[in-house]
Every structure is written in structure tokens, then in C-alpha cells.
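Results of the structural survey
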Amino acid sequence: MSEQHEFDKDYWERHWHQDHDRSGAMSTSPAHPYLAREVGALAPGSALDAGCGAGAEAISLAAHGWQVTAVDIAPVALARAAERAAESGVSERVRWVEADLTAWAPQTRFDLVTTHYAHPAMPQLAFYDRVAGWVAPGGTLLIVGHLHTSDASEPGHGHAHGHGHGHRPPDEASVTLADITAGLDSTTWEIITAEEHRRTVPGREAPLHDVVVRATRRL
């Protein structure tokens, strides 16, 4: 059974401290494979990584020429992300921002807004609607989230980059594909990718259940 969580700053600080204590699997994980697949053909521009965690996606984008604003509520995660960016030689192309995504708002829109398993202290679909508003006309929205599954016998995946510990994600942090696409009005968005995936990760006994949506904001 999934637990109820309040995804506030205290929760995420504990979460990242625990990851460090367990040898830092999330802090050293590579970027999600969906990122390269979905945005690899796009011309680099400005990007926002909403809920960047330890920075794998932000660093990957920067390495491919994007100018990235990476936002997370947890200072522990951002410190590790900045270290990784320096090690990768992309520090000048990433701006790290410590902020609560339920309250923070950018001063500009972006050519790409992406979020990977981010769970702020607000309803998940409302969060997706919020970050979608930060995409510039002609820009791209990429959402990678926990897929809601009704199979209680399937342990599912955990939090933050899918490196959980054999339990399902909390119900309030998982969504269906239909829920996400229903929130993208066809007069504003062209949906390019709308998929559900079940994948395995080396060293992890339970498969990950993901939902991936990419959409372009109409001009």
C-alpha cells in the first residue's frame, strides 16, 4: 500500500540525505533515456528543468548546448548537482535555483520545460498545468511521471528518478496518461508523444512504470 506524503522542503531534504546515506544512487544516476529520445532532435535554446534533483537531466541538456535553469526545493540535491555540473564542464550553461515550485515563477518563458518525477506540495496535475504555462510559443513541454497503476501486487517504483525501494509511489504522486493529455487543450498544444512504459533498471528488482508526454505549444 502506498503511503501519504507531504512533498515539502523537509520531506525532500530527508529524502536526499537518506539517498546519500544509502550510497547516493539518485545522486549519481544518469539522465532518463526519454530525455534524449524526445528532445535530441530539437535545436538547443533556453530550458527549464522543474524539480531537477541531482541535475542529471539539466547537465545532459547543457552538454548538448541548452542554456538551463534548474529548480529544486532541496539544497542537498542542488549542491550535488552543481558538483556534477562542474565535473562535466557545463557549469556556465546551468543556473541552479533553490525554490518551491508551488510558489516560484520564472521571469520569462522557455523553449523547453521538462519535469521528471517531480512531486511538489500541490496536486500533481495542477503542477503539470503550472509548469506548462512557462513554455514559450513554439516551445516544448516534456513530462515524465509515475504512471498510476491499479495492480496492488506490482510494487511499482519509488521517488525521484525512480530509484525507490520496492514500494509503489504514493497515489498523489502518480497519474494516468489520459489525465495528463486531457489537461493539454488542443487549441494550445499539439501532443507529439503520449506513451506508457514499463522498464527495468539494473540493480533494481521492481520494474518502473512511467508516463511520458511531449507537446508543442502552438504559435
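About the cut-offs
- Residues numbered from 1 in each chain as written.
- Predicted model: local features only at pLDDT ≥ 70, side-chain atom pairs only at ≥ 80, totals over all residues.
- Heavy atoms only, no water.
- pLDDT = per-residue confidence, 0-100.
- Helix = DSSP H or I, 4+ residues; strand = E, 2+ residues; numbered from the N terminus.
- Contact = heavy atoms within 4.5 Å.
- Core = buried A, V, L, I, M, F, W, Y, C linked by side-chain atoms within 4.5 Å.
- Buried < 20%, exposed > 50% of the residue type's maximum accessible area, 1.4 Å probe, protein only.

Per-residue confidence for the protein averages 83 on the pLDDT scale, and 75% of its residues sit at or above 70. Ranking the helices and strands of the protein by mean pLDDT puts strand β1 (residues 46–50) first, with 98, and helix α1 (residues 9–21) last, with 56. In the model, residues 21–25 has pLDDT below 50 throughout and makes 4 contacts with residues more than four positions away in sequence or in other chains. Of the regions scoring below 50 in pLDDT, residues 152–167 engages in 65 contacts with residues more than four places distant in sequence or in other chains.

Quick look at the nonpolar core now. Counting residues in each nonpolar core, the largest one holds 27 residues, and the members touching the most others are Trp104, Val113 and Leu141. Listing elements by their share of this core, those giving two or more residues are β1, β4 (110–116), α5 (124–132), β5 (135–147), α6 (177–182) and β8 (208–217). With near-sequence residues (within four places) excluded, tryptophan 104 lies in contact with Leu48, Val71, Val97, Ala99, Arg130 and Trp134. Ranked by size, the runner-up nonpolar core spans 22 residues in total, among them Leu61, Val68, Tyr117 and Val144.

A few words now on unusual backbone geometry. Excluding glycine, residues mostly carry a negative phi; peptide bonds, for their part, are mostly trans. Its identity is not glycine, yet tyrosine 117 carries a phi of approximately 60°, on the positive side. Following the sequence through the fold, tyrosine 117 ends up in the loop between β4 and α5.

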